[in-house]
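# A closer look at the structure
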Amino acid sequence: MFRAALHVKFLFEMKSKVTLEYEIRWPRRVLTLGDAVKYIDATGFCLLLPVRNVALPSLYYAVTRRNPHEKMVWDKYSQMVWRWKDELPRRKRALYAKYFRGRGTFISLEMLPYFLAMREAAAAPDDYERFYAEGRIRDDARLIWQALAKHGPLATLELRNACGMDAKAGNVRFKRAILDLQCLLAVAHFGAEQETAAWASGRYELTCRAFPKETRAARRISPEQARAAVAAKYLGSYREAMPAQVARLMGWSKDEALKSVETGGAIHTKAGSDT
């Protein structure tokens, strides 16, 4: 029954899947957790599953080598992808959160400080009041952040209970708030826990506690430097990317994208000439 529930959930997540336009060539199929780490490190940031109009590669394709247009199959490759989204962050090998367009995203440890600096999210555990006072998070997100700061990593149902969001309406509020916190990179996925007979619940942790080294590094990076570094990494995979495409993907303004692509392109060119 649990296996069937996972299968249904996986197919649901794959409903809006796309072309191979943004997938990158990788020397061999990703078959181990170590391979997955190398792939995420090389791309810098990628999706769990391919998503329409999100110009990023996916771990799903790197593992399955399967065209998203073909009939979905729940097999050993699909299971590996689904399992690694829990194992990689729990082992602190990569951050996993619903980031780009609110979809499952991996960010490498190397690139995480730049993303945190870019989002100005290199927070401390007790910064929920400051972020709330500045209008950066809603009250529901403040409650979730406060609960994680107090109790440490919590699975979904435990966290909802700690925040008084047990009811159906509370679940709607929780989903919106936990997504907001992940998009801010204040909270990250941190494994899974079998709370019910259905599929396992996600566990969440404050990013600053899950990845303290990367959070400290982010505090020494300006948002401008961070955007340039992120653009440089992206251009390493998509050399012909235009500023407008980068702006849409990253949520940057036109001016931020133009400057970041120009600076990032120079960084990428120099890195290529030095190797």
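Residues numbered from 1 in each chain as written. Predicted model: local features only at pLDDT ≥ 70, side-chain atom pairs only at ≥ 80, totals over all residues. Heavy atoms only, no water.

## Observations regarding the confidence of the model for the protein
The cut-off we apply is this: The predictor attaches a confidence to each residue, called pLDDT, with possible values from 0 through 100. Should any heavy atoms of two residues lie within 4.5 Å, those residues are considered in contact.
Mean pLDDT over the protein: 89, with 88% of residues reaching 70 or higher. Contacts of residues 10–18 to residues separated by more than four positions or lying in other chains number 28 contacts, the stretch itself having pLDDT below 50.

## Comments concerning the pattern of salt bridges
The line we're drawing: Here, a salt bridge means any Lys or Arg side-chain nitrogen found within 4 Å of an Asp or Glu carboxyl oxygen. Burial classes: relative accessible area under 20% of the type maximum marks a residue as buried, over 50% as exposed, and values in between as partly exposed (1.4 Å probe, protein chains only). Secondary structure counts use DSSP, requiring at least four H or I residues in a row for a helix and at least two E residues in a row for a strand, with both numbered from the N terminus.
Per the counting criterion, the structure on display carries 15 salt bridges. Between E87 and R91 there is a salt bridge, with the nearest N and O atoms lying 3.5 Å from each other. A residue is classified by how much of its surface remains accessible, and E87, at 14% relative accessible area, is buried. Among the salt bridges present, the one from R142 reaches E129, with a minimum N-O distance of 3.5 Å. In this pair, R142 is assigned in helix α7 (residues 139–151) and E129 in helix α6 (residues 128–133), connecting sequence segments 13 residues apart.

## Considering α7
Every α-helix carries 3.6 residues per turn, so stepping three or four residues along brings you back to the same face. Note the threshold: Helix span, as expected, comes to 1.5 Å for every residue beyond the first.
The terminal C-alpha atoms of α7 lie 18 Å apart, and with 13 residues this matches the ideal 18 Å at 1.5 Å per residue to within 8%. The complete set of buried residues in α7 reads D140, A141, R142, I144, W145, A147 and L148. G152 occupies a position one or two residues after α7 and carries a positive phi of about 85 degrees.

## Side note on a positive patch on the surface
Note the threshold: Candidates for patches are residues over 30% relative accessible area with no salt bridge; among them, like charges are joined within 9 Å and nonpolar side chains (Val, Leu, Ile, Met, Phe, Trp, Tyr) within 5 Å. For the accessible areas, the method is Shrake-Rupley and the probe is 1.4 Å, while residue cover comes only from the protein chains on display. Residues scored as charged are limited to Lys and Arg (positive) and Asp and Glu (negative), so that His and the chain ends carry no count. In this description, the location of a charge corresponds to atom NZ of lysine, CZ of arginine, CG of aspartate or CD of glutamate.
Residues K213, R216, R219 and R220 make up a contiguous surface patch of positive charge. Note that R216 resides in helix α11 (residues 212–218). Look at R216 and you get partly exposed, because its relative accessible area is 47%.

## What to know about the packing of aromatic side chains
Heads up, the condition is: Any pair of Phe, Tyr and Trp rings, taking the six-membered ring for Trp, is counted once the centres come within 6.5 Å. Such a pair is stacked with planes under 30 degrees apart, edge-to-face with planes over 60 apart, and tilted for the rest. For a lysine, the NZ atom is tested; for an arginine, the CZ atom; a charge sits over a ring if that atom is within 6 Å of the ring centre and within 35 degrees of the ring normal.
Tallied over the entire structure, the rule returns 10 aromatic pairs. Plain terms: the ring middles of F100 and F115 are 6.2 Å apart, the flat faces sit at 90 degrees to each other, and that makes the pair edge-to-face. Residue F100 is located in the loop between β2 (95–98) and β3 (104–107), and its partner F115 is located in helix α5 (residues 112–118); the two are separated by 15 residues in the primary sequence. Accessibility expressed as a relative area gives 2% for F100, which makes it buried. Taken together, a centroid distance of 4.8 Å and an interplanar angle of 35 degrees make the contact between Y234 and Y238 tilted. Y238 matches Y234 in its accessibility class, with the two residues each being buried. A connected cluster of aromatic rings, assembled from ring pairs, spans F45, Y99, F100, F115, Y234 and Y238. For K85, the ring lying beneath its charged end belongs to W82, and the centroid distance is 4.5 Å.

## Quick word on the pairing of β3
The line we're drawing: Strands pair, by our definition, only if DSSP identifies at least two bridges between them.
Every second residue of β3 is oriented toward a common face, with G104 and F106 on one face and T105 and I107 on the other, all of them buried. As judged from the 3 bridges shared by strand β1 (residues 45–47) and β3, these two strands associate in the antiparallel manner. Paired with F45 across the two strands is I107, which belongs to β3. Judged from the 4 bridges that link them, β2 and β3 form a sheet pairing that is antiparallel. The partner of K98 across the bridge, within β3, is G104. From the end of β2 to the start of β3, which pair antiparallel, there are 5 residues, and R101 there has a positive phi angle of about 55 degrees.

## Some details on the sheet that holds β2
Rule in force here: Fitted lines through C-alpha atoms give the axes, limited to the stretch in contact for helices. The angle between two N-to-C directions lies from 0 to 180 degrees.
Spatial ordering of the open sheet is given by β1-β3-β2, a layout of 3 strands whose pairing is antiparallel. The outermost strands of the open sheet, each flanked by one partner alone, are β1 and β2. Between one strand and the next, the sheet's axes are offset by a mean angle of 25 degrees, whatever the strand orientation.

## Focus on the side chain of R142
Short version of the rule: In protein, a polar contact requires one atom able to donate a hydrogen and another able to accept it; more generally it is a pair of N or O atoms within 3.5 Å, and residues adjacent in sequence count only if both atoms are side-chain atoms.
Judged by relative accessible area, which is 15%, R142 ranks as buried. Looking at R142, its side chain comes within polar contact range of the side chain of D139, at 2.6 Å. The residues contacting R142, other than those within four sequence positions of it, are Y128, E129, Y132 and I137.

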